[in-house]
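One-letter residues, chain by chain:
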Amino acid sequence: MAEQAPITDKADMLHGHCLCEAVGVSFTPPGKHIDACHCSMCRKWAGGPHMGLPMVTQAHFTGESNIERFASSDFAERGFCKTCGTHIFYYFKPQKAYSFPAGLFDGLEGFTMTEEIFIDAKPDYYDFAGERERLTEAQVMVKFAAAIEGIAQEESQ
C-alpha cells in the first residue's frame, strides 16, 4: 500500500471497533488515504475489495482475547472478532504491519483513495472513479518482493 509521512497530531488518532464492540483498535495513520486491494483473497474475505487504511507497525488493541488470526498465506494473517466476525486487520508479517479496514473507523473525512492493487484481478462488475496508482499483481510482487523473500529465507533456516 502507498506510504506517506506519519500524521503526528494525536487528534488524528483513529479509534474503531467491531460490530459487537468486543474488539477495539486505535492507531495514528501515516497518511490520510485509503487503498483498495482487488486480489481474490481480499474479495472473498471482504465480499468486495479490501478498503484498507495505510499499513502501520504500531496499534493499540482492546479485547485482544476476542481476536482470532487466520494465516491466509506464508506472509499474511487476517484478524477477525471471534464473537461477531468483523474483520479487524490484514497483517503483513514481513514488515510486522497492520492494515485496518476503513469501515472500522468513523471520522475519515478528508481521506482519499490513492492506490489500487491487484488491478488485473478486479472483476468487471465494479470500478472506482478518479485517478490513482493502479498496480497489477506482478507490480505488487516486485514492490514487496524483498520483504516476502525474507520470510521464505527465515522459514528455510
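Residues numbered from 1 in each chain as written. Predicted model: local features only at pLDDT ≥ 70, side-chain atom pairs only at ≥ 80, totals over all residues. Heavy atoms only, no water.

Moving on: the pattern of salt bridges. A side chain of one charge can pair with a side chain of the opposite charge if their charged atoms are brought near each other. Counted according to the given criterion, the structure contains 5 salt bridges. Of the charged contacts in the structure, one is a salt bridge between Lys122 and Asp127, with a shortest N-O distance of 2.8 Å. Taking relative accessible area as the criterion, Lys122 reaches 15% and is therefore assigned buried. A network of salt bridges, in which partner residues are shared, links Glu116, Arg132 and Arg134. (Salt bridge = Lys/Arg side-chain N within 4 Å of Asp/Glu carboxyl O. Buried < 20%, exposed > 50% of the residue type's maximum accessible area, 1.4 Å probe, protein only.)

Once that is clear, we can look at the state of the cysteines. Under the counting rule described, the total for this entry stands at 0 disulfides. Its sulfur unpaired, Cys20 is 3.7 Å from the next cysteine sulfur, which belongs to Cys18. By relative accessible area, which is 35% here, Cys20 ends up partly exposed. Of the cysteine sulfurs around Cys42, a residue in no disulfide, the closest is that of Cys37, at 3.7 Å. (Disulfide = S-S within 2.5 Å.)

Turning next to the sheet that holds strand S3 (residues 33–37). Across the sheet, 4 strands lie side by side as S4-S3-S10-S11; this open sheet has mixed pairing. Where the open sheet ends on each side, the last strands, each with one partner, are strand S4 (50–52) and strand S11 (133–135). Across this sheet, the average inter-strand angle for adjacent strands is 25°, counted without regard to direction. Looking at chain direction, strand S10 (residues 112–117) and S11 are connected through 3 bridges and run parallel. Opposite Glu115, over in S11, you have Glu133 as the bridge partner. (Pairing = 2+ DSSP bridges. Helix = DSSP H or I, 4+ residues; strand = E, 2+ residues; numbered from the N terminus. Axes fitted to C-alpha atoms, helices over the stretch in contact; angles between N-to-C directions.)

Our next topic: the pairing of strand S7 (residues 76–81). In terms of burial, S7 is largely enclosed, as 5 of its 6 residues are buried. Looking at chain direction, strand S6 (residues 67–71) and S7 are connected through 5 bridges and run antiparallel. For Phe70, the partnering residue across the bridge sits in S7 and is Arg78. The turn linking S6 back onto S7 is made up of 4 residues. Bridge analysis of S7 against strand S8 (residues 87–92) gives 5 bridges, and the strand direction is antiparallel. In the strand pairing of S8, Glu77 is matched with Tyr91. Counted along the chain from S7 to the antiparallel partner S8, the turn is 5 residues long, and its residue Gly85 has a positive phi close to 85°.

Moving on, we get to the layout of surface pockets. The volume enclosed by the largest pocket comes to roughly 360 Å³. The leading source of residues in the lining of the largest pocket is helix H2 (residues 137–156), at 5 residues. Residue composition of the lining of the largest pocket, grouped by class: 16 nonpolar, 5 polar and 2 charged. (1 Å grid on protein atoms, 1.4 Å probe; cavity = no way out; pocket = protein on both sides within 12 Å on 5 of 7 lines; lining within 4 Å. Points joined across faces, edges and corners; volume = space filled by probe spheres on them. Nonpolar A, V, L, I, M, F, W, Y, C, P; charged D, E, K, R; others polar.)

What is shown is where atoms sit, not what they do.
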